[in-house]
Amino acid sequence: MSILQDSYVKLKNLYSFSRRISLIDSAESARVQRTVLLEKMLEKILLHDHSILLLLSTIPDQTSELDVSMIASAARNIMETTNIYFHISQRGIDTSALKLRVETMVLNEIYNEIEITKKLGFSQNCEHAKINTWYFRSAPQRFQKFPEFAQYSKNEKNQIVSGRKPAFQIKSPSILQEQTESAIYNLLSNSVHGLPLGLSSNSINYTYFFNSFFKAEQLLVISLQISRVYTAYVVKDYLNLRKRFYSLLTQEEKKNLKSYMSATDLENYICELRAEYEKDPFGYNFSE
């Protein structure tokens, strides 16, 4: 089995049993606010996994129509959603700190809705718009009730109440080494934004102009493995939060989940790519 096939099979298996604990399979909905947020993030991640699997179903009959960029974009979104997920699910923070994080997310939602509706020419005098405006403008007073907010500098406070970001001082869950995570996120982002590097790997169709080192198959393998590892981390954390859902998985599935959290396959693949990249492109052997 090739590394691409193996990566596909593992993600497919992970999705097949993970969906049982999610809204996708009508698992019991959460009642606590934090868990309500997390179950929606889990659903988003799993739906991205499902979309990736559906896109790959075109192989081998319609390989030329395989949209590799969409797969890379979904993998990047999985990374991004995972970071937000762990920002909210972090254990050990007090209730006030958690509410501050949730309030920051809500304010970002309102800010974006206001900006989008303005640009689309929606009336800002209707009741819906007035409620949004009131909520946004009252944010500075609302945030004052959080002890953590008072500890920030004036500039940091302004950043939070601006509503421009869904999270403040968010930290990586450290699933991968920092440099590796940054590099892969950047690679996948080229596909999201349609940048030249992304056009070199957006499909299996070769053109001489867009011809970077990262080809479609390499991007697919990285996307599949990133999606599997990050999804597995979220699923495991969510199960630890809602332990009764463990009963929905078989012993073998629990064992597989743990193994899918390992980034060893990805690290080994990156080592292979590094060796390939460092080969002399003209075939000279300078060691002789």
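Residues numbered from 1 in each chain as written. Predicted model: local features only at pLDDT ≥ 70, side-chain atom pairs only at ≥ 80, totals over all residues. Heavy atoms only, no water.

Asker: Describe in detail the overall build of the protein, supporting the description with residues and values.
Answerer: A count of helices and strands for the protein gives 13 helices and zero strands. Secondary structure of the protein in N-to-C order comes out as α-α-α-α-α-α-α-α-α-α-α-α-α. Each principal axis of the C-alpha atoms in the protein carries an extent, and together these give about 70 × 50 × 40 Å. Expressed as a percentage of its 288 residues, the buried residues of the protein come to 44%. Considering only residue pairs separated by 6 or more positions, the protein has 73% of its internal contacts joining residues 24 or more positions apart. Accessible surface, the protein: about 16,500 Å² in total, of which carbon and sulfur atoms supply 54%. (Helix = DSSP H or I, 4+ residues; strand = E, 2+ residues; numbered from the N terminus. Buried < 20%, exposed > 50% of the residue type's maximum accessible area, 1.4 Å probe, protein only. Contact = heavy atoms within 4.5 Å. Areas by Shrake-Rupley, 256 points an atom, 1.4 Å probe, with all protein chains shown as cover.)

Asker: How would you summarise helix α12 (residues 251-260) if you had to cite specific residues and measurements?
Answerer: Taken together, the buried positions of α12 are occupied by Glu253, Asn256, Leu257 and Tyr260. The buried residues of α12 occupy an angular sector of 105° when the element is viewed end-on, so they sit on one face. Of the residues in α12, the exposed ones pointing more than 90 degrees away from the buried face are Gln251, Lys255 and Lys258. Buried-residue contacts for α12 involve α1 (3-18) and α11 (216-241). (Arc of directions from axis to C-beta.)

Asker: Hey, could you go over the pattern of salt bridges for me, with residue numbers and the actual values?
Answerer: Inspection of the entire model under this criterion finds 13 salt bridges. Note that Arg19 and Asp25 form a salt bridge whose closest N and O atoms lie 3.0 Å from each other. Residue Arg19 is classed as partly exposed on the basis of its relative accessible area, which comes to 27%. For Asp25, a relative accessible area of 35% gives the class partly exposed. With its nearest N and O atoms 3.9 Å apart, the salt bridge here joins Glu127 to Lys130. Of this pair, Glu127 and Lys130 are both found in helix α5 (residues 127-137), three residues apart, which corresponds to roughly one turn of the helix. If you follow the salt bridges from partner to partner, you end up with Asp6, Lys10, Arg228 and Asp265 in one network. (Salt bridge = Lys/Arg side-chain N within 4 Å of Asp/Glu carboxyl O.)

Asker: I'd like to hear about the packing of helix α2 (residues 33-56) against helix α3 (residues 68-89), residue by residue, with values.
Answerer: As a packed pair, α2 and α3 sit with axes 10 Å apart at the nearest point and diverge in direction by 165°. By the angle between their axes, α2 is roughly antiparallel relative to α3. As α2 packs across α3, the resulting crossing turns out to be left-handed. Contacts from Arg34, Leu37, Leu38, Met41, Lys44, Ile45, His48, Asp49, Ile52, Leu55 and Leu56 in α2 reach Met70, Ile71, Ala74, Ala75, Asn77, Ile78, Thr81, Thr82, Ile84, Tyr85, Ile88 and Ser89 in α3. (Axes fitted to C-alpha atoms, helices over the stretch in contact; angles between N-to-C directions. Parallel < 35°, antiparallel > 145°, perpendicular 65-115°, else oblique. Left-handed = near helix turned anticlockwise from the far one by under 90°.)

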